[in-house]
Protein chains: 2
Amino acid sequence: MTVALSEEVRRVVTSGRLAHLVTLDPDGSPQVSLVWVGLDGDHIVSGHMGEWRKVQNLRRDPRVALSIEADGRDERGLDHYLVVRGRAEVVEGGAAPLLQRLAHVYLGPDLVFPPVSGPTLGCVVRITAERVGGVGPWAH
Amino acid sequence: MTVALSEEVRRVVTSGRLAHLVTLDPDGSPQVSLVWVGLDGDHIVSGHMGEWRKVQNLRRDPRVALSIEADGRDERGLDHYLVVRGRAEVVEGGAAPLLQRLAHVYLGPDLVFPPVSGPTLGCVVRITAERVGGVGPWAH
């Protein structure tokens, strides 16, 4: 079931904190890497210049999870964090312009990334959220 | 294959940064929560006062991954992070003293956590590393 992303969730996704992205290897074991993320409408998106393991994994099994550390603590003193679980679609092309947009968030307003550009390079991972959790106002 | 934890890896594990712990749900999809971690010899350990989903998952399927953000950046400007993949053993009891030890790292030197104590409460998740990766001097 698709869930809409609340304003609080959208704020964490666009906060410039790295997302810990989990995919599933062919043997079903969890594979993790840290990625830049942004929003494209109601989807969480990341850009990938190469056919990395995580991209290969998502083409085979779209189940995905990501977690992002957030500001604030709950009443027990535990740090807020966001977990989104859902399904990913791999869309061909579009990695360079997305990474350039995200570089402004993650690296700074003047930075150019990736070094090679072109609209058809790489791919975009587009995540549809099915569950939102963690610790914070978005967790119920 | 078990891998020994280098000094650089041990420093990240004990840095007081949260670990993003990934387990596998019964349907094989990834489940993530953020936990405090420490070292017990060559194992990475976390304490759990309740029979949470992650603990239930690890009793059924010991495959686990964790990622931790670290200080420093590589030559591309990308932040360092550690990923450890391995197998977890759930050891009964010992959660309260471990959480109390880790509370000094994560919350502060004077803090008491958990509020309820006793040596037989909860469980300890003890992780044996099989692969170490991410971005940083520990990734090859």
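Rules of the game
- For every chain, the first residue of the written sequence is number 1, and numbering continues from 1 onward in sequence order.
- Starting at A for chains and at 1 for ligands, labels are handed out in the order in which the entities are written.
- For a predicted model such as this one, the threshold for reporting local features is a pLDDT of at least 70, and the threshold for listing and counting side-chain atom pairs is 80 or more; totals across whole chains, interfaces and linings nevertheless cover every residue.
- Strands here are runs of E lasting at least two residues and helices are runs of H or I lasting at least four, both read from the DSSP assignment and numbered beginning at the N terminus.
- All radius of gyration figures rest on C-alpha atoms, and the globule criterion is 2.2 Å times the number of residues raised to 0.38.
- Throughout, a residue-residue contact means that the two C-beta atoms, derived from backbone geometry, are no farther apart than 7 Å.
- Following the grouping adopted for this structure description, the nonpolar residues are Ala, Val, Leu, Ile, Met, Phe, Trp, Tyr, Cys and Pro, the charged ones are Asp, Glu, Lys and Arg, and the polar ones are all others, Gly among them.
- Only residues with pLDDT of at least 70 in both copies contribute their C-alpha atoms to the least-squares superposition of the copies.
- By this definition, two strands are paired if DSSP reports at least two bridges between them.
- For helices, the fitted axis covers only the stretch in contact; all axes are lines through C-alpha atoms, and the angles between them, taken along N-to-C directions, range from 0 to 180 degrees.
- Structurally, a nonpolar core is described as a collection of buried Ala, Val, Leu, Ile, Met, Phe, Trp, Tyr and Cys residues joined by way of C-beta atoms within 7 Å.
- In this scheme the burial state of a residue depends on its C-beta neighbours within 10 Å: 20 or more other such atoms mean buried, 12 or fewer mean exposed, and anything in between means partly exposed; the C-beta positions come from the backbone.
- By definition, the arc is the one covered by directions from the helix axis to the C-beta atoms.
- For a helix, the expected span equals 1.5 Å multiplied by the residue count minus one.

Some thoughts on the overall build of chain A
If you tally the helices and strands in chain A, you get three helices and seven strands. Its C-alpha atoms give chain A a radius of gyration of 15 Å, within 12% of the compact-globule value 14 Å for 140 residues. With the C-alpha coordinates of chain A rotated into their principal frame, the extents come out at 45 × 40 × 25 Å. Contacts in chain A between residues far apart in sequence, at least 24 positions, make up 70% of those at least 6 positions apart.

Digging into the interface of chain A and chain B
Residue-level contacts link 19 residues of chain A with 19 residues of chain B. Looking at the side of chain A that touches chain B, the elements that each hand over two or more residues are strand S1 (19-24), strand S2 (30-35), strand S5 (63-73) and strand S6 (79-92) of chain A. Of the residues assigned to the side of chain A that touches chain B, the class counts are ten nonpolar, five polar and four charged.

Here's the deal with the relation of the copies chain A and chain B
Rotating chain A by 180 degrees and moving it 0.0 Å along the rotation axis overlays it on chain B with an RMSD of 0.0 Å. Classification of the inter-copy transformation places it as that of a two-fold axis. An overlap of 100% is found between the interface residues of chain A and their copies at the interface of chain B, pointing to a shared contact surface.

Regarding the sheet that holds strand S1 (residues 19-24) of chain B
All names here are of chain B. The seven strands are arranged S2-S1-S5-S6-S7-S4-S3 in an open sheet whose pairing can be described as antiparallel. The open sheet is flanked by strand S2 (30-35) and strand S3 (38-40), the only strands paired with a single partner. Between one strand axis and the next, the sheet turns by 35 degrees as a mean value, whatever way the strands run. Pairing analysis gives three bridges linking S1 to strand S5 (residues 63-73), with the strands arranged antiparallel. Within S5, the residue paired with Leu21 across the bridge is Leu66. Lying on the sheet, helix H2 (residues 53-60) is in contact with S1, S2, strand S4 (43-48), S5, strand S6 (79-92) and strand S7 (123-135); it crosses S1 at an angle near 50 degrees. Relative to S4, helix H3 (residues 95-106) is tilted by about 105 degrees, and along the sheet it contacts S3, S4 and S7.

Quick notes on the nonpolar core
Core analysis: the largest hydrophobic core is formed by 75 residues, its most contacted members being A:Leu82 and B:Leu82. In contact with A:Leu82, other than residues within four places in its own chain, are A:Val9, A:Val12, A:Ser67, A:Ile68, A:Ala70, A:Gly134, A:Gly136 and A:Trp138.

Considerations on helix H2 (residues 53-60) of chain A
Residue and element names in this part refer to chain A. All of the buried residues along H2 are Lys54, Val55, Asn57 and Leu58. End-on, the buried residues of H2 take up no more than an arc of 160 degrees, which puts them together on one face. Elements that come into contact with the buried residues of H2 comprise S1, S2, strand S4 (43-48), S5, S6 and strand S7 (123-135).

A few points about the pairing of S5(B)
All names here are of chain B. Judged from the eight bridges that link them, S5 and S6 form a sheet pairing that is antiparallel. Within the sheet, the bridge partner assigned to Leu66 lies in S6 and is Val84. Between S5 and the antiparallel strand that follows it, S6, lie five residues; Gly77 among them carries a positive phi value of about 90 degrees.

Focus: helix H3 (residues 95-106) of chain A
Residue and element names in this part refer to chain A. The end-to-end C-alpha distance of H3 is 15 Å, a good match for the 16 Å that twelve residues give at a rise of 1.5 Å each. Of all the positions in H3, only Ala95, Ala96, Leu98, Leu99 and Leu102 are classed as buried. Viewed along the axis of H3, the buried residues span an arc of 155 degrees, placing them on a single side of the element. Looking at the packing, one finds that the buried side of H3 touches strand S3 (38-40), S4 and S7. Looking one or two residues beyond H3, the residue adopting positive phi is Gly108, at roughly 145 degrees.

Considerations on unusual backbone geometry
Here A:Phe113 and A:Pro114 are connected by a cis peptide whose omega angle stands at 0 degrees. With respect to the element layout, A:Pro114 can be found in the loop between H3 and S7.

Description of the environment of B:Thr14
All names here are of chain B. Assignment of secondary structure puts Thr14 in the loop between helix H1 (7-13) and S1. Distance from Thr14 to Gly86, taken between C-alpha atoms, is 18 Å for residues 72 residues apart in sequence. Other than its neighbours up to four places away in sequence, Thr14 contacts Gly38, Leu39 and Val105.

What about the environment of A:Val37?
Residues and elements named next belong to chain A. Within the element layout of this structure, Val37 appears in the loop between S2 and S3. Overall, Val37 belongs to the buried group, with 27 C-beta atoms counted inside 10 Å. The spacing of Val37 and Ala65 is 28 residues in sequence and 13 Å in space, taken between C-alpha atoms. For Val37, the contacting residues outside a window of four places in its chain are Val13, Ala19, Ile44, Val45 and Ser46.

Function-wise, these values are silent; they only describe arrangement.
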